[in-house]
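# Descriptive analysis of the structure
The residues making up each chain are set out below.
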Amino acid sequence: MESLIRRWKSSQFALWAILLLLLLLITAPIFYAILASFKTNMEIFNTPFSLPKSWNFDNYMNAWNLGNFKVYFLNSAFITIGGMVIVALVACPAGYAFAQLSFKGSNLLFYLILLGMSLPVQAIIIPIFFQLKTMGLVNTLTGVTLVSSGLALPFSIFLMRNTFRDIPKELRESAAIDGAGEWRTFWSVILPLAKPGLVALLIFTFMNIWNDFLLPLVLLINQEKFTISLGLYSFQGEQTTNFGLIFGGTVISMIPSIIIYIIFQRSFVEGMTGGANK
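Here is a short report on the structure shown in this document. Throughout this document, residue positions are counted from 1 along each chain, in the order its sequence is written. Note on the predicted model: pLDDT of at least 70 is required for a residue's local features to be given, and 80 or more for side-chain atom pairs to be given and counted; whole-chain, interface and lining totals, by contrast, use all residues. Side-chain descriptors were evaluated using all non-hydrogen atoms of the structure, hydrogens and water having been removed beforehand.

With that settled, the discussion passes to the nonpolar core. Residues belong to one nonpolar core when they are buried, are Ala, Val, Leu, Ile, Met, Phe, Trp, Tyr or Cys, and are joined through side-chain atoms within 4.5 Å. Accessibility here uses a 1.4 Å probe with only protein chains present; expressed as a share of the type maximum, an area under 20% marks a residue as buried, one over 50% as exposed, and anything in between as partly exposed. Counting residues in hydrophobic clusters, the biggest one holds 31 residues, and the most contacted among them are Phe-69, Leu-132, Val-147, Leu-219 and Phe-235. In this text, helices come from DSSP runs of H or I with a minimum length of four residues, and strands from runs of E with a minimum of two, each type numbered from the N-terminal end. Secondary structure elements with two or more residues in this core: helix 3 (58-66), helix 4 (69-100), helix 6 (121-135), helix 7 (141-165), helix 10 (195-210), helix 11 (214-219), helix 12 (228-234) and helix 13 (243-273). A total of 5 residues in this core trace back to one element, the largest contributor, which is helix 13. Here, residues are in contact when the closest pair of their heavy atoms is within 4.5 Å. Setting aside residues no more than four positions away along its own chain, Leu-219 makes contact with Phe-129, Leu-132, Val-138, Asn-139, Thr-140, Val-144 and Val-147.

Set out below in structure tokens:
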């Protein structure tokens, strides 16, 4: 019995050690970026791991005002919010249909949609560019929004399908007996019960679109249309680079993601674990 207890304690200790190591690996770059955002270029190179000599917000102010970060921030917000709305409006009804309704060819259609998850964006970025050029949407925030939401839909539909599968079909049948139509059942009965999955969907969509670099790089040309990721890239000069400015802009770009995750972390975890027993 004592040997079993010792083994259990040693395994618990090893598990905690691994978790602490992973926590350190994940959080160390974040804390480094925060500390570097208060330093000058000289301090970043001479004392990279020490505390700043003075805690001033010059890098933040310069990134926001002189670096035109305010415009980049608003552009990213437009693309991200627009993409979240499109993804939610398409993925929720589609996930509900695949999970709760029975119609001919549903499995085949679902697996065809899942094929989109296997296509890397790098393989289709050139056809996307020429398609948008034909439509007159190159160098527009609307074009980036449509492409970003379209690329997010396969995983989003998959996530919402698993979420709706956790909801008993008897609720839909009861609503039908009470005279509710399919859309009324979806909006008033089923969708409110899928809130954790919907929150997880919105957080995933926000993270992917907000942090995306490749699509804006290829599809946006004029600097006034740049997103926050392209704005950070534009801070790099040919001869010299102000790393304090880059770190200041990086911390600004992280703030919305951190705030959203802190507020909705419980619903996010519930949404991600939903459907695990299926």
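Attention now goes to the side chain of Arg-161. Counting through the fold element by element, Arg-161 comes out in helix 7. Asp-166 is the oppositely charged side chain nearest to the buried, salt-bridge-free Arg-161, at an N-O distance of 10 Å. Two residue types count as positive, namely Lys and Arg, and two as negative, namely Asp and Glu; His and chain ends fall outside the count. The term salt bridge refers to a pairing of a side-chain nitrogen on Lys or Arg with a carboxyl oxygen on Asp or Glu at a separation within 4 Å.

In this section: unusual backbone geometry. At Asn-139, a residue that is not glycine, the phi angle is positive and equals roughly 65°. With respect to the secondary-structure elements, Asn-139 resides in the loop between helix 6 and helix 7. You can call Asn-139 buried: its relative accessible area is 13%.

This paragraph deals with the environment of Val-90. When you line up the elements, Val-90 lands in helix 4. C-alpha of Val-90 to C-alpha of Ser-149: the two residues are 59 residues apart in sequence and 9.6 Å apart in space.

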